[in-house]
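Inside the fold
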Amino acid sequence: MKPNDNSIQWIKEPELGMAGRSYLMLFIQGLTTTIRHLFSRKMTVQSPEEKHEIPDPIIYRGVHRLNRDEQGRVKCVACFLCATACPAYCIDIVAAESPWPDREKYPQSFTIDELRCIYCGMCEEACPVDAIELTSLYDLSGKSREEMIFDKEKLLSIYDQTKDLEPSRTERLKKG
Amino acid sequence: MLPNTIEALVKIALLIGALITAAAYFVLLERWIAAWVQDRLGPNRVGIPLTKIRLFGLGQPIADGMKFIFKAEFTPGHVDKFIYFVAPMTIFMTAVIAFAVIPFGSVLPTGIFPESWGVKEPIQLVAAPGVDVGMIYVFAIGSIAVYGVVLGGWASNNKYSFIGGLRSSAQLISYELPLGLGIIGVVLTSGSLRLDVIITQQAQTGVWNFLTQPLGFIVFTVAAFAEAARLPFDLPEAEQELVGGYHTEYSGIKLMMYMVAEFLHMITASFLIVILFLGGWHFWALTDGIHSAGGDMVTWTTAILRIIVLLVKVMGMILFFMLARWSWPRFRYDQLMDLAWKAMIPCGLVNLVVVALWVEYGERLAKYTGLPTIWCMVALGWIILALTWFVFAWFDPTACDNRPRHRLISPDHQTEEIAP
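Reading the values: rules and limits
Residues numbered from 1 in each chain as written. Chains lettered and ligands numbered in written order. Predicted model: local features only at pLDDT ≥ 70, side-chain atom pairs only at ≥ 80, totals over all residues. Heavy atoms only, no water. Helix = DSSP H or I, 4+ residues; strand = E, 2+ residues; numbered from the N terminus. Rg over C-alpha atoms; globule rule 2.2 N^0.38 Å. Contact = heavy atoms within 4.5 Å. Areas by Shrake-Rupley, 256 points an atom, 1.4 Å probe, with all protein chains shown as cover. Lys, Arg positive; Asp, Glu negative; His and termini not counted. Charge placed at Lys NZ, Arg CZ, Asp CG, Glu CD. Axes fitted to C-alpha atoms, helices over the stretch in contact; angles between N-to-C directions. Parallel < 35°, antiparallel > 145°, perpendicular 65-115°, else oblique. Nonpolar A, V, L, I, M, F, W, Y, C, P; charged D, E, K, R; others polar. Salt bridge = Lys/Arg side-chain N within 4 Å of Asp/Glu carboxyl O. Polar contact = N/O pair within 3.5 Å; in protein donor to acceptor, adjacent residues only side chain to side chain. Pairing = 2+ DSSP bridges. Disulfide = S-S within 2.5 Å. Buried < 20%, exposed > 50% of the residue type's maximum accessible area, 1.4 Å probe, protein only.

Comments concerning the overall build of chain A
Each helix and strand in chain A was counted, giving six helices and five strands. Its helices and strands taken in sequence order, chain A reads α-α-β-α-β-β-α-β-β-α-α from the N to the C terminus. Here chain A has a C-alpha radius of gyration of 26 Å; the compact-globule value for 176 residues is 16 Å, and the former is much larger. Each principal axis of the C-alpha distribution contributes one length, and for chain A these read about 85 × 50 × 40 Å. In chain A, the share of contacts with a sequence separation of at least 24, taken over all contacts with a separation of at least 6, comes to 67%. Just so you have it, chain A exposes about 11700 Å², and 55% of that area is on carbon and sulfur atoms. Within chain A, the 28 negative side-chain charges are centred at a point lying 5 Å from the centre of the 24 positive side-chain charges.

Re the packing of helix α1 (residues 2-37) of chain B against helix α10 (residues 252-277) of chain B
All names here are of chain B. As a packed pair, α1 and α10 sit with axes 9 Å apart at the nearest point and diverge in direction by 95°. Between α1 and α10, the interaxial angle falls into the category roughly perpendicular. Packed against α1, whose contacting residues are Leu19, Ile20, Ala22, Ala23, Phe26, Val27 and Glu30, the element α10 presents Val260, Phe263, Leu264 and Ile267 at the interface. When grouped by side-chain class, the residues that make up the contact of α1 with α10 number ten nonpolar, no polar and one charged.

Description of the interface of chain B and chain A
Opposite the 27 residues of chain B that make contact, chain A presents 27 residues. Our count for the contact surface shared by chain B and chain A stands at two salt bridges. The tally of links between chain B and chain A comes to 14 residue pairs in polar contact (both at pLDDT 80 or more). At the level of secondary structure, the elements contributing two or more residues to the side of chain B that touches chain A comprise α1, α11 (300-327), α13 (373-395) and α14 (406-409) of chain B.

Side note on the sheet that holds strand β3 (residues 105-113) of chain A
Residue and element names in this part refer to chain A. Read from one edge of the open sheet, three strands run β2-β3-β5, paired in antiparallel fashion. The sheet is open, and its two edges are formed by β2 (91-97) and β5 (149-150), each paired on a single side. By the bridge criterion, two bridges tie β3 to β5 in an arrangement that is antiparallel. Directly across from Ile112, in β5, lies its bridge partner Phe150.

So, the state of the cysteines
Residues and elements named next belong to chain A. With the rule as written, the count across this model stands at zero disulfides over all chains. With no disulfide of its own, Cys117 has Cys90 as its nearest cysteine by sulfur position, at a separation of 4.4 Å. For Cys117, a relative accessible area of 11% gives the class buried. We note that Cys123 lacks a disulfide partner, and the nearest cysteine sulfur, in Cys120, lies 6.3 Å from it.

Below, the structure is given as structure tokens:
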């Protein structure tokens, strides 16, 4: 854009008064602000000894989990909606014929590459049966890339870990 | 001869050791203050190595130093090798040797050496005692320090370094003028360039120079901030604009030399401000007892108290340096130059003229008003400060039009003046 572009409107700067021009008030203002902050309460959370307090674990987007239904079976019906919605292509599902009569398919394997995931929560929104959800666990780490590719058992175990603190959406709806 | 040599070597060893340690710990202090001002805790983990004792993070400088030493030292292929190696050495060396004439206390009592050695003089707490050109020496060395920056920027063969080097050469050379003007007033009243004599003069009158010459104090402090390249004048290495300025291409121990030199400059500037304007080791009713220049007999208590008072003042000044970093926004480059040439140099000249007139006619004026001479001078100094400040705020010589040039946007000169 050139300086003579018609769409530019030049706004006149406000005139400085004596207080502004003498720089004295600004000097005092700056110094009092820094001194006040010097002694104010510190916001640092000393991880790992202290943990961040997560205000609402229900809407937090941390590690994924695969929910179980009442009989302890995986809820997923292998519809591939999450894998389709995923912008990072980190979900890999192998579907198989379901052994149970109430659905046609179930995931024979369900892996999420946690290193590739961008934690956007699209999979959770896409899921028609509330099978995949994002928990409030944020400090995941691993010693190798292979370790960070979570399979179905791992994702189900995360559900077992977190189900008491963060009930799944179905259960929350049931309670009303 | 032998006692003098021993004395000098001990003082040099003490100074260098203390300075390097101080610079390392000031890095930690700087990080702490930065953190506290931003409502964080700052480094508090590293304590004694190989143990779990934390000591509030006091081990951090050791870790920082080790990191700098063992880091890969990378020399880019496009640099001018010789100058690239010489530049950090220049800046580090000049930062250290400037301390040769800066006193870090007054004198120690006699009786340290055995009497048979025939030492009569008390030990002066300066690495090079009795240098009559003291202030000029500090300034000469300070000017050489600019070479470290300029050569580093030039030798790096990189546009960021180059701009950083250019900026800083212009800035440091410009601000040497107000720095000089600030001290000429002090030198006029004390009649000596020796720093210990300047302190003694303030101790004798009991009125520090910042009370008698507040304008000179302000000019000198602002110029000292700019000379130490501290915010709000850290244009040479404005990291938001120039990556790292003149030391963009440096790494490892060479980068550490630049960093340490930077902190040493800050320490030097604090020492100079304290010695010239804030009374050095003098504090009322605590370290008095001086009657003639250097000839006072100090006891061990007084000697140690004086060192402590001086160091506490310097520490306070350094804290102010570090707080200032977060208090005010950085000056733009043209504003920085405007401030030096349009505000600081005229202010320094006003101060110089007033002090010179005072030295010539002050006694008569004091006799005329009937006030004690020194208080008359204090009153005059503050009146001059208020007047000058008011005049400068009224005419505002540093004001500038921040818009792009008007002619370019007026309809008459629309096409021909705009470069493609």
